[in-house]
Amino acid sequence: MINNSSFVGTNRETLLYLLLFLTASIPYIHIGPVSLSMIFGIVLILHCRYLYVGGELKPFIFFLIISIGSLLFSPVALDFDSLYTISQIAYWGLLVCSVYRITPKLNIKTIANASIVAVLLNGIVFYCTDNKTMDNAISYIIVSTWPLGLFVLKHRLRKIIYFVLVFICQIIIGSRTGILLVLLQVMVMIFLKWASRKHTIIALSVIVALLAIFQSSRLRNTFCDIFLPQDSEMSVIIREPEVVFMLDKSWAQRVIQQQKCKQIFREHPLLGIGPLNVPRYNVNIKYVDSNIDDRVLAAEYLHSDNRSTHNSYFQIIAEVGILGTLCLVMFLGLIFKNMYLWVKQDEFALLLFSTLIGMLLNLFMISSFWGTNTLILLGLSAGYVAQLKNKPIHN
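Rules of the game
- In every chain, residue numbers begin from 1 and rise along the written sequence.
- Residue-level local features of this predicted model are given only where pLDDT is at least 70; pairs of side-chain atoms are given and counted only at 80 or more, and the full residue set underlies all totals for whole chains, interfaces and linings.
- Excluding hydrogens and water, the side-chain values take into account all heavy atoms of the structure.
- For the purposes of this entry, the term helix denotes a DSSP run of H or I that reaches at least four residues, the term strand denotes a run of E that reaches at least two, and both are numbered from the N terminus.
- Exposure classes here rest on a 1.4 Å probe applied to the protein chains alone. A residue is buried below 20% of its type maximum, exposed above 50%, and partly exposed in between.
- Areas reported here follow the Shrake-Rupley algorithm with a probe of radius 1.4 Å; residue values treat only the protein chains shown as occluding.
- Residue-level confidence of the predictor, termed pLDDT, takes values from 0 up to 100.
- Residues count as neighbours in contact if any of their non-hydrogen atoms are within 4.5 Å of one another.
- Among buried residues, the Ala, Val, Leu, Ile, Met, Phe, Trp, Tyr and Cys ones that are joined through side-chain atoms within 4.5 Å form a nonpolar core.
- Between the rings of Phe, Tyr and Trp (Trp by its six-membered ring), a pair exists once the centres lie within 6.5 Å; its type follows the angle of the planes, with under 30 degrees stacked, over 60 edge-to-face, and the other angles tilted.
- Whether a charge lies above a ring is judged from NZ of Lys or CZ of Arg, which has to be within 6 Å of the ring centre and within 35 degrees of the ring normal.
- Note on geometry: axes are C-alpha line fits, over the in-contact stretch for helices, and angles between N-to-C directions span 0 to 180 degrees.
- These descriptions rest on fixed angle ranges, namely under 35 degrees for roughly parallel, over 145 for roughly antiparallel, 65 to 115 for roughly perpendicular, and the rest for oblique.
- For this scheme, ten residues count as nonpolar: Ala, Val, Leu, Ile, Met, Phe, Trp, Tyr, Cys and Pro. Four count as charged, namely Asp, Glu, Lys and Arg, and the remainder, Gly too, count as polar.
- Working rule for handedness: look at the near helix, and if it is turned counterclockwise from the far one by less than a right angle, call the crossing left-handed; if clockwise, right-handed.
- Take a side-chain nitrogen of Lys or Arg and a carboxyl oxygen of Asp or Glu: if they are within 4 Å of each other, that pair is a salt bridge.
- Expected helix span is given by 1.5 Å per residue-to-residue step, counting one fewer step than there are residues.
- A residue's bend is given by the angle between axes fitted to the 7 residues ending at it and the 7 residues starting at it.
- Within 3.5 Å is the distance limit for a polar contact, defined as a pair of N or O atoms, with the added protein rule that one can donate a hydrogen and the other accept it, and that residues adjacent in sequence qualify only through two side-chain atoms.

Colleague: I tried to follow the overall build of the protein chain on my own but got confused; where do I start?
Modeller: When you go through the protein chain residue by residue, the secondary structure sums to 17 helices and two strands. Among the 395 residues that make up the protein chain, the fraction classed as buried is 48%. Roughly 19,700 Å² of accessible area belongs to the protein chain as shown, and the carbon and sulfur atoms make up 67% of that amount.

Structure below.
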């Protein structure tokens, strides 16, 4: 493991990032329609004075430039909302560059402690308020934050207790996706840190076998009889997933919105229609899914305007087209490729790697790519990769 001494020290950059991170990670903190994190983001941008865009960040900057271009040439009329979105993207671009630049000066232990505070505080506030409209957002923030907290927990018992608390938070929130992703992140950390190639192949084989077994309705029912209560929600989902999804209004709305994104992409494949324009763009959705009850589908069609896509990737490809999507894929590929080289030698690289995996998988079920919490994590990842590339790798 390399020495993280270049990433420690209490300084102004750490304080600014800490305030930005905490206010972006707690969605209850707002000043009217504006997140409190924007104040600290602007202060951080002004503090940096000049910005440096390294090689890892260039594809992402091209992605943002294409995003602004797609808004300017969008079939959606250029109005106040469009100009506001352009200003948001410009702000996020400056913010990502600022986080990238200050990463070498950050106290990583302080950031890890802040991650623990953000996770537990979100869980406590959700439990006290029981605000169901925030469940997906809170679950997403926990998935994209909690692994970083393990950096300051050096004893195995403390790590286990922290994991149990995170798991309980996801259960309280009621997010099936969040529960599965937290477990997946733990598996990623374990196998990347200790497993050999042989162990990884065995683990993947077991997972594939379990998935194949669960294709059998008889085996699914046997599993539920042994491990789950007869009337529990999870038991119903495992026993009869086809029936659940057929009658699930939320799933029907997801299918409708994803079909809308596909049709938008076919109409505007090169540049898309601009970020955050999918809910505003009206199309005649042509889709009938035989796996969804016709009555449920018809009812949801009536409420399909101005709705979230519930899938960031369908949203991105509809909003920025092929050009923007390729730039984003190139950026993420560079981050993962370079970070993977260090996961066995650098603990924080391992935690960042598993955090990114959980976050990117979660984006299949939620439209949260365009947000400060997501983008500062990408800036931090790019900045950390830039620092790691300057250090020798020991095979």
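Colleague: Looking at this structure, how should I read the confidence of the model for the protein chain?
Modeller: Any region with low pLDDT has predicted coordinates that should not be read closely. In this model, the protein chain carries a mean pLDDT of 80, and residues with pLDDT of at least 70 account for 74%. Across residues 1-9, confidence stays below pLDDT 50; counting only partners more than four residues off in sequence or on other chains, it has 28 contacts.

Colleague: Sorry, what's going on with the nonpolar core here?
Modeller: Core analysis: the biggest nonpolar cluster contains 89 residues, and Phe-60, Phe-63 and Phe-369 have the highest contact counts within it. Contacts of Phe-60, omitting those with residues within four sequence positions, involve Val-96, Leu-328, Phe-331, Phe-369, Leu-375 and Leu-378.

Colleague: Sorry, what's going on with the packing of aromatic side chains here?
Modeller: Ring pairs (aromatic) are described by centroid distance and by the angle formed between their planes. Evaluated as defined, the whole model comprises 16 aromatic pairs. Measuring from centroid to centroid gives 5.7 Å for Phe-60 and Phe-63, while their planes differ by 35°, and the two rings are tilted. Taken together, the positions of Phe-60 and Phe-63, both in helix α3 (residues 58-72) and three residues apart, correspond to about one turn of that helix. Judged by its relative accessible area of 0%, Phe-60 falls in the buried class. Classification of Phe-63 by relative accessible area gives buried; the value is 0%. For the ring pair Phe-80 and Tyr-84, a centre distance of 6.5 Å and an interplane angle of 20° mean the geometry is stacked. Here Phe-80 pairs with Tyr-84, and both are found in helix α4 (residues 80-102), just four residues apart, close to one helical turn. Among the aromatic residues, ring-to-ring pairing joins Phe-60, Phe-63, Trp-92, Phe-331, Phe-369 and Trp-370 into one connected group. Positioned over the ring face of Phe-151 is Lys-154, at 4.6 Å from the centre of the ring.

Colleague: I keep staring at the side chain of Gln-170 and nothing clicks. Help me out?
Modeller: Locating Gln-170 in the fold gives a position in helix α7 (residues 156-173). A relative accessible area of 0% means that Gln-170 is categorised as buried. Those residues in contact with Gln-170 that sit more than four places away from it in its chain are Ser-139, Ile-142, Val-143, Ser-175, Gly-178, Ile-179 and Val-182.

Colleague: Could you clarify how one ought to interpret the packing of α3 against helix α15 (residues 312-340) in this entry?
Modeller: In a pair of packed helices, the angle between the axes and the distance between the axes together describe the arrangement. Following both chains from N to C, one finds α3 and α15 inclined at 175°, their axes separated by 8 Å at the closest point. Classified by the interaxial angle, the pair formed by α3 and α15 is roughly antiparallel. Residues Pro-59, Phe-60, Phe-62, Phe-63, Ile-66, Ser-67 and Ser-70 of α3 touch α15, and the partners they reach there are Ile-316, Glu-319, Val-320, Leu-323, Gly-324, Cys-327, Leu-328, Met-330, Phe-331 and Leu-334. Here the residues of the contact of α3 with α15 sort into 13 nonpolar, three polar and one charged.

Colleague: Explain unusual backbone geometry here, please?
Modeller: Most peptide bonds are trans, and most residues other than glycine sit at a negative phi. We note that Leu-276 has phi near 65°; this positive angle belongs to a residue other than glycine. Take Leu-276: it is sitting in the loop between α13 (249-267) and α14 (294-301). Judged by relative accessible area, Leu-276 falls into the partly exposed class, the value being 32%.

Colleague: In this structure, what is going on with the packing of helix α6 (residues 135-143) against α7? I would like to understand it.
Modeller: Close contact between α6 and α7 brings their axes to 10 Å; oriented N to C, the two are set at 165°. It follows that α6 is roughly antiparallel to α7 by the angle criterion. In this structure, the crossing between α6 and α7 has a hand that is left-handed. Touching Asp-135, Ile-138, Ser-139, Ile-142 and Val-143 of α6 are Val-166, Cys-169, Gln-170 and Ile-173, all from α7. Of the residues in the contact of α6 with α7, the class split is six nonpolar, two polar and one charged.

Colleague: Would you explain the environment of Val-166 in this entry?
Modeller: Within the fold, Val-166 resides in helix α7. Between the C-alpha atoms of Val-166 and Gly-123, which are 43 residues apart in sequence, the distance is 8.2 Å. For Val-166, the contacting residues outside a window of four places in its chain are Val-119, Ile-142, Trp-146 and Val-182.

Colleague: I would appreciate a short explanation of the pattern of salt bridges in the present structure.
Modeller: Two side chains bearing opposite charge may form a pair once their charged atoms approach each other closely. One pass over the structure, following the stated rule, counts four salt bridges. For Lys-154, the salt bridge goes to Glu-347, with nearest N and O atoms at 3.2 Å. Note that Lys-154 is positioned in the loop between α6 and α7 and Glu-347 in helix α16 (residues 347-362), a separation of 193 residues in sequence. Notably, a salt bridge pairs Lys-159 with Glu-347, separated by 3.9 Å at the nearest N-O pair.

Colleague: Teacher, can you tell me more about α15 here?
Modeller: Note on helix geometry: an α-helix contains 3.6 residues per turn, so any two residues three or four positions apart are oriented the same way. Between the first and last C-alpha of α15 there are merely 24 Å, a value that for 29 residues lags more than 12% behind the 42 Å anticipated at 1.5 Å per step. Of all the bends found along α15, the most pronounced is centred on Gly-321 and spans about 120°. The N-cap of α15, judged by a side-chain oxygen 3.0 Å from the amide nitrogen of Tyr-313 a few residues on, is Asn-311.

Colleague: How should I be thinking about the environment of Met-134 in this particular structure?
Modeller: Looking at the secondary structure, you find Met-134 in the loop between α5 (108-129) and α6. With 107 residues separating them along the chain, Met-134 and Pro-27 place their C-alpha atoms 8.3 Å apart.

Colleague: Help me out: how do you make sense of the environment of Ala-112 in this one?
Modeller: Note that Ala-112 resides in helix α5. As a C-alpha pair, Ala-112 and Phe-151 span 39 residues in sequence and 6.0 Å in three-dimensional space.

Colleague: I keep staring at α7 and nothing clicks. Help me out?
Modeller: Taking 1.5 Å per residue, 18 residues should reach 26 Å; α7 reaches 26 Å between its end C-alpha atoms and fits that length. Just past α7, the residue Gly-174 takes up positive phi, approximately 85°.

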